[in-house]
Amino acid sequence: MPKSLVRDTTLTSAFLVLIAVMSSCTSGTKGQQPPATAAQESRPIPGDGSELMTETITDGTEIRASQVFTKTWDLRNAGTVPWKDRYLVREGPGGGCTTEPEVRVPDADPGETVTITVQVTAPSNPTVCHVSWKMADAQGHHYFPQLTGIWFDVIVVR
(Lines give C-alpha, C1' and ligand atoms only; values in the text may rest on other atoms or scores of the structure.)
Protein backbone atom coordinates (compact mmCIF):
# COMPACT_ATOMS: atom_id res chain seq x y z
CA MET A 1 0.00 0.00 0.00
CA PRO A 2 1.41 3.47 -0.85
CA LYS A 3 2.81 5.36 2.14
CA SER A 4 0.30 8.21 1.67
CA LEU A 5 -2.62 5.77 1.94
CA VAL A 6 -1.13 4.15 5.04
CA ARG A 7 -0.65 7.60 6.60
CA ASP A 8 -4.19 8.72 5.67
CA THR A 9 -5.67 5.47 7.03
CA THR A 10 -3.68 5.79 10.25
CA LEU A 11 -4.68 9.43 10.73
CA THR A 12 -8.32 8.63 9.96
CA SER A 13 -8.32 5.75 12.46
CA ALA A 14 -6.73 7.93 15.14
CA PHE A 15 -9.26 10.70 14.46
CA LEU A 16 -12.20 8.28 14.75
CA VAL A 17 -10.87 6.92 18.07
CA LEU A 18 -10.46 10.49 19.37
CA ILE A 19 -14.04 11.34 18.39
CA ALA A 20 -15.35 8.20 20.09
CA VAL A 21 -13.45 8.99 23.31
CA MET A 22 -14.55 12.64 23.30
CA SER A 23 -18.14 11.64 22.60
CA SER A 24 -18.28 9.20 25.51
CA CYS A 25 -16.71 11.77 27.86
CA THR A 26 -19.13 14.56 26.94
CA SER A 27 -22.33 12.52 26.78
CA GLY A 28 -25.00 13.68 29.24
CA THR A 29 -26.01 10.10 30.07
CA LYS A 30 -23.21 7.57 30.42
CA GLY A 31 -23.29 4.93 27.70
CA GLN A 32 -26.11 6.52 25.70
CA GLN A 33 -25.69 8.34 22.41
CA PRO A 34 -28.35 10.32 20.56
CA PRO A 35 -29.60 8.64 17.37
CA ALA A 36 -27.58 9.49 14.27
CA THR A 37 -29.14 11.82 11.75
CA ALA A 38 -28.58 11.67 7.98
CA ALA A 39 -26.03 14.50 8.28
CA GLN A 40 -24.09 12.53 10.93
CA GLU A 41 -24.14 9.29 8.92
CA SER A 42 -20.69 7.74 8.84
CA ARG A 43 -18.93 8.12 5.52
CA PRO A 44 -17.73 6.17 3.68
CA ILE A 45 -20.78 3.91 3.92
CA PRO A 46 -19.83 0.23 4.21
CA GLY A 47 -20.61 -1.52 0.93
CA ASP A 48 -20.84 1.72 -1.10
CA GLY A 49 -18.74 1.75 -4.26
CA SER A 50 -18.41 3.25 -7.71
CA GLU A 51 -16.46 2.44 -10.85
CA LEU A 52 -15.73 4.66 -13.86
CA MET A 53 -16.73 2.71 -16.96
CA THR A 54 -16.30 5.22 -19.83
CA GLU A 55 -16.11 8.95 -20.43
CA THR A 56 -16.17 11.44 -23.28
CA ILE A 57 -13.67 14.29 -23.81
CA THR A 58 -10.65 12.41 -22.49
CA ASP A 59 -7.92 14.16 -20.51
CA GLY A 60 -5.65 16.29 -22.69
CA THR A 61 -8.30 16.99 -25.34
CA GLU A 62 -7.84 20.38 -27.01
CA ILE A 63 -10.92 22.62 -26.81
CA ARG A 64 -11.27 25.97 -28.58
CA ALA A 65 -11.52 29.10 -26.43
CA SER A 66 -15.15 29.90 -25.50
CA GLN A 67 -16.32 26.53 -26.88
CA VAL A 68 -19.31 24.88 -25.22
CA PHE A 69 -18.94 21.12 -24.90
CA THR A 70 -20.57 18.19 -23.12
CA LYS A 71 -18.60 15.96 -20.76
CA THR A 72 -20.11 12.60 -19.80
CA TRP A 73 -19.09 9.85 -17.42
CA ASP A 74 -20.62 6.39 -17.20
CA LEU A 75 -20.39 5.31 -13.55
CA ARG A 76 -21.32 1.86 -12.30
CA ASN A 77 -22.73 1.35 -8.83
CA ALA A 78 -20.05 -1.18 -7.86
CA GLY A 79 -21.24 -1.58 -4.28
CA THR A 80 -24.17 -3.08 -2.43
CA VAL A 81 -25.78 0.26 -1.48
CA PRO A 82 -28.44 1.78 -3.77
CA TRP A 83 -27.71 5.31 -4.97
CA LYS A 84 -30.62 7.63 -4.19
CA ASP A 85 -30.70 11.43 -4.33
CA ARG A 86 -27.00 11.87 -5.10
CA TYR A 87 -25.15 14.64 -6.92
CA LEU A 88 -21.74 15.38 -8.36
CA VAL A 89 -20.54 18.54 -6.60
CA ARG A 90 -17.85 20.63 -8.25
CA GLU A 91 -14.65 21.21 -6.29
CA GLY A 92 -12.44 24.28 -6.81
CA PRO A 93 -12.16 26.89 -9.58
CA GLY A 94 -11.16 24.55 -12.43
CA GLY A 95 -8.93 26.88 -14.45
CA GLY A 96 -11.72 29.00 -15.87
CA CYS A 97 -14.06 26.37 -17.33
CA THR A 98 -17.61 27.11 -16.22
CA THR A 99 -20.19 24.49 -15.29
CA GLU A 100 -23.14 24.10 -13.00
CA PRO A 101 -21.97 23.74 -9.36
CA GLU A 102 -23.75 20.40 -9.01
CA VAL A 103 -25.21 17.78 -11.31
CA ARG A 104 -27.78 15.13 -10.38
CA VAL A 105 -26.60 11.51 -10.38
CA PRO A 106 -29.41 9.22 -11.58
CA ASP A 107 -30.62 6.75 -8.94
CA ALA A 108 -28.98 3.36 -9.40
CA ASP A 109 -29.27 -0.04 -7.78
CA PRO A 110 -26.11 -2.09 -7.20
CA GLY A 111 -24.64 -3.22 -10.52
CA GLU A 112 -26.41 -0.56 -12.60
CA THR A 113 -24.52 1.96 -14.74
CA VAL A 114 -25.65 5.58 -15.03
CA THR A 115 -24.62 8.37 -17.38
CA ILE A 116 -23.82 11.76 -15.90
CA THR A 117 -23.68 14.74 -18.26
CA VAL A 118 -22.14 18.17 -17.63
CA GLN A 119 -22.32 21.18 -19.96
CA VAL A 120 -18.99 23.05 -19.94
CA THR A 121 -17.98 26.42 -21.36
CA ALA A 122 -14.26 26.92 -21.96
CA PRO A 123 -12.74 30.27 -20.99
CA SER A 124 -11.93 32.85 -23.68
CA ASN A 125 -8.14 32.58 -23.20
CA PRO A 126 -5.80 29.61 -23.62
CA THR A 127 -5.25 27.66 -20.40
CA VAL A 128 -5.62 24.21 -18.90
CA CYS A 129 -8.89 23.44 -17.14
CA HIS A 130 -8.86 20.82 -14.40
CA VAL A 131 -12.38 20.41 -13.02
CA SER A 132 -12.94 17.96 -10.14
CA TRP A 133 -16.21 16.52 -8.84
CA LYS A 134 -17.16 14.48 -5.78
CA MET A 135 -20.34 12.50 -5.18
CA ALA A 136 -22.43 14.04 -2.39
CA ASP A 137 -25.93 14.19 -0.95
CA ALA A 138 -28.24 17.22 -1.24
CA GLN A 139 -26.56 18.82 1.81
CA GLY A 140 -23.09 18.47 0.25
CA HIS A 141 -21.82 15.61 2.46
CA HIS A 142 -19.41 13.47 0.41
CA TYR A 143 -20.17 9.78 -0.07
CA PHE A 144 -16.54 8.83 -0.79
CA PRO A 145 -14.56 11.36 1.26
CA GLN A 146 -11.41 9.24 1.09
CA LEU A 147 -11.31 9.26 -2.74
CA THR A 148 -10.24 12.01 -5.13
CA GLY A 149 -13.49 11.90 -7.11
CA ILE A 150 -13.74 12.25 -10.87
CA TRP A 151 -12.43 15.06 -13.07
CA PHE A 152 -11.56 16.23 -16.52
CA ASP A 153 -8.51 18.03 -17.88
CA VAL A 154 -8.80 19.93 -21.16
CA ILE A 155 -6.36 22.20 -22.96
CA VAL A 156 -8.00 25.43 -24.10
CA VAL A 157 -6.49 26.77 -27.34
CA ARG A 158 -7.28 29.70 -29.67
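Please refer to the structure placed before this passage.
Residues numbered from 1 in each chain as written. Predicted model: local features only at pLDDT ≥ 70, side-chain atom pairs only at ≥ 80, totals over all residues. Heavy atoms only, no water.

Peer 1: Just checking my understanding: could you explain the state of the cysteines for this structure?
Peer 2: Tallying each qualifying case throughout the model produces one disulfide. Across the disulfide from C97 sits C129; the S-S distance is 2.3 Å. Taking the torsion about the S-S bond as the criterion, the C97 to C129 disulfide, at about 95 degrees, is right-handed. Residue C97 is found in the loop between β4 (86–91) and β5 (102–105), and its partner C129 is found in strand β7 (residues 127–136); the two are separated by 32 residues along the sequence. C97 gets classed as buried once you look at its relative accessible area, which sits at 2%. On the accessibility criterion, C129 (0% relative accessible area) is buried. (Disulfide = S-S within 2.5 Å. Helix = DSSP H or I, 4+ residues; strand = E, 2+ residues; numbered from the N terminus. Buried < 20%, exposed > 50% of the residue type's maximum accessible area, 1.4 Å probe, protein only.)

Peer 1: It is not clear to me how the pattern of salt bridges should be interpreted in this structure. Could you clarify?
Peer 2: Pairing between side chains becomes possible if they bear opposite charge and their charged atoms approach one another. Inspection of the entire model under this criterion finds seven salt bridges. When the shortest N-O distance is used, the salt bridge between D137 and R43 registers 3.2 Å. Placement of the pair is D137 in the loop between β7 and β8 (150–157) and R43 in the loop between α1 (3–26) and β1 (50–55), with a sequence separation of 94 residues. One salt bridge connects D107 with R104, and the closest N-O pair in it is separated by 3.5 Å. (Salt bridge = Lys/Arg side-chain N within 4 Å of Asp/Glu carboxyl O.)

Peer 1: What is the right way to look at the sheet that holds strand β6 (residues 113–121) in this model?
Peer 2: The strands making up a sheet associate through hydrogen bonds between their backbones, and the pairing can be parallel or antiparallel. What the three strands build is an open sheet, ordered β1-β3-β6; its pairing is antiparallel. Among the strands making up the open sheet, the edge pair consists of β1 and β6. Within this sheet the neighbouring strands show an average axis-to-axis angle of 30 degrees, counted without direction. As paired elements, β1 and strand β3 (residues 68–77) share five bridges and run antiparallel to each other. Across the sheet, T54 pairs through a bridge with D74, a residue of β3. (Pairing = 2+ DSSP bridges. Axes fitted to C-alpha atoms, helices over the stretch in contact; angles between N-to-C directions.)

Peer 1: Before we go on, may I ask you to explain unusual backbone geometry in this structure?
Peer 2: A negative phi angle is the norm for most residues apart from glycine, just as the trans form is the norm for most peptide bonds. The backbone phi angle of S66 is positive, close to 70 degrees, even though this residue is not glycine. By secondary structure assignment, the location of S66 is in the loop between β2 (61–64) and β3. In this structure, D85 takes a positive phi of about 55 degrees despite not being glycine.

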